[in-house]
Amino acid sequence: MSRRERPTALPGNRSMPAAGVIPELAYPDVRAAAQWLCRWFGFQERLRIGEHRAQLVLGDGAVIVVGLPQACDEQPPQSRHAVMVRVADVDAHYRRVEASGARTGGPPVDYPYGERQYSALDPGGHRWIFSESIADVDPGDWGGQAGPGMD
């Protein structure tokens, strides 16, 4: 994208924070981490997904707190976290990234929470998730629980 180009507006989805870039941070105890981030850093819980995931918002930003993978001792530390980036056309994005030779986790997949996503690794082994909103889905339809930070 050139400096003059403006990013396209992304469609809304009640199951996704509105932020364009969303870090996913892994913790051994999702609930305790979410409570700590809310209490000390001023985040609000937007959405809780079972005991393994929570969306937190602060202003127009967001983070997603996720549980550490079971085999986290076997994984390099940088693969425990991810950065989610919302894009307007995930299929075109995937084709461009795949053509560049980057390592991906496979083509985009549709999820019940209204997102179409794929993942890729950068040269440092960091995981990136690229996501396109394909439907505006009520989080209650797939098991999410709205928190005080939900619009």
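Residues numbered from 1 in each chain as written. Predicted model: local features only at pLDDT ≥ 70, side-chain atom pairs only at ≥ 80, totals over all residues. Heavy atoms only, no water.

A. Structural view of the pairing of strand β1 (residues 21-27). Residues Ile22, Glu24 and Ala26 point to one face of β1 and are all buried, whereas Val21, Pro23, Leu25 and Tyr27, pointing to the other face, are not buried. By the bridge criterion, four bridges tie β1 to strand β5 (residues 82-86) in an arrangement that is antiparallel. By the bridge assignment for β5, Ile22 is matched with Met84. Pairing of β1 with strand β4 (residues 61-67), which is carried by four bridges, proceeds in the parallel orientation. Counterpart to Glu24 in the pairing with β4 is Ile64. (Buried < 20%, exposed > 50% of the residue type's maximum accessible area, 1.4 Å probe, protein only. Helix = DSSP H or I, 4+ residues; strand = E, 2+ residues; numbered from the N terminus. Pairing = 2+ DSSP bridges.)

B. Quick look at the packing of aromatic side chains. Tallying each qualifying case throughout the model produces five aromatic pairs. Ring geometry for Tyr111 against Tyr113: centres 5.3 Å apart, planes inclined by 10°, an arrangement best described as stacked. For Tyr113, a relative accessible area of 22% gives the class partly exposed. These aromatic residues form a ring-pair network of at least three members: Tyr94, Tyr118, Trp128 and Phe130. (Phe/Tyr/Trp six-rings, centres within 6.5 Å; stacked < 30°, edge-to-face > 60°.)

C. Focus on the layout of surface pockets. As a volume, the largest pocket reaches approximately 440 Å³. If you go around the largest pocket, you meet 25 residues; those closest to its centre are Glu24, Arg53, Tyr113, Gln117 and Ile129. For the lining of the largest pocket, the residue count by class is 13 nonpolar, eight polar and four charged. (1 Å grid on protein atoms, 1.4 Å probe; cavity = no way out; pocket = protein on both sides within 12 Å on 5 of 7 lines; lining within 4 Å. Points joined across faces, edges and corners; volume = space filled by probe spheres on them. Nonpolar A, V, L, I, M, F, W, Y, C, P; charged D, E, K, R; others polar.)

D. How the structure looks around helix α2 (residues 90-99). Those residues of α2 that fall on the buried side of the exposure criterion are Val90, His93, Tyr94 and Val97. Taken end-on, α2 shows its buried residues confined to a sector of 100°, consistent with a single buried face. Exposed and facing more than 90 degrees away from the buried side of α2 are Arg95, Arg96 and Ala99. Elements in contact with the buried residues of α2: β6 (103-104), β8 (115-121) and β9 (127-133). In this structure Asp89 caps α2, since a side-chain oxygen of it lies 3.3 Å from the backbone nitrogen of Asp91. The positive-phi residue at the C-terminal boundary of α2 is Gly101, with phi of around 95°. (Arc of directions from axis to C-beta. Contact = heavy atoms within 4.5 Å. Polar contact = N/O pair within 3.5 Å; in protein donor to acceptor, adjacent residues only side chain to side chain.)

E. Examining the side chain of Ser133 more closely. Along the polypeptide, Ser133 turns up in strand β9. For Ser133, the side chain forms a polar contact with the side chain of Arg86, separated by 2.8 Å. In this structure the side chain of Ser133 is engaged in a polar contact, spanning 2.6 Å, whose partner is the side chain of Glu115. Beyond its immediate stretch of four places on either side in the chain, Ser133 contacts Pro11, Gly12, Asn13, Arg86, Gly114 and Glu115.

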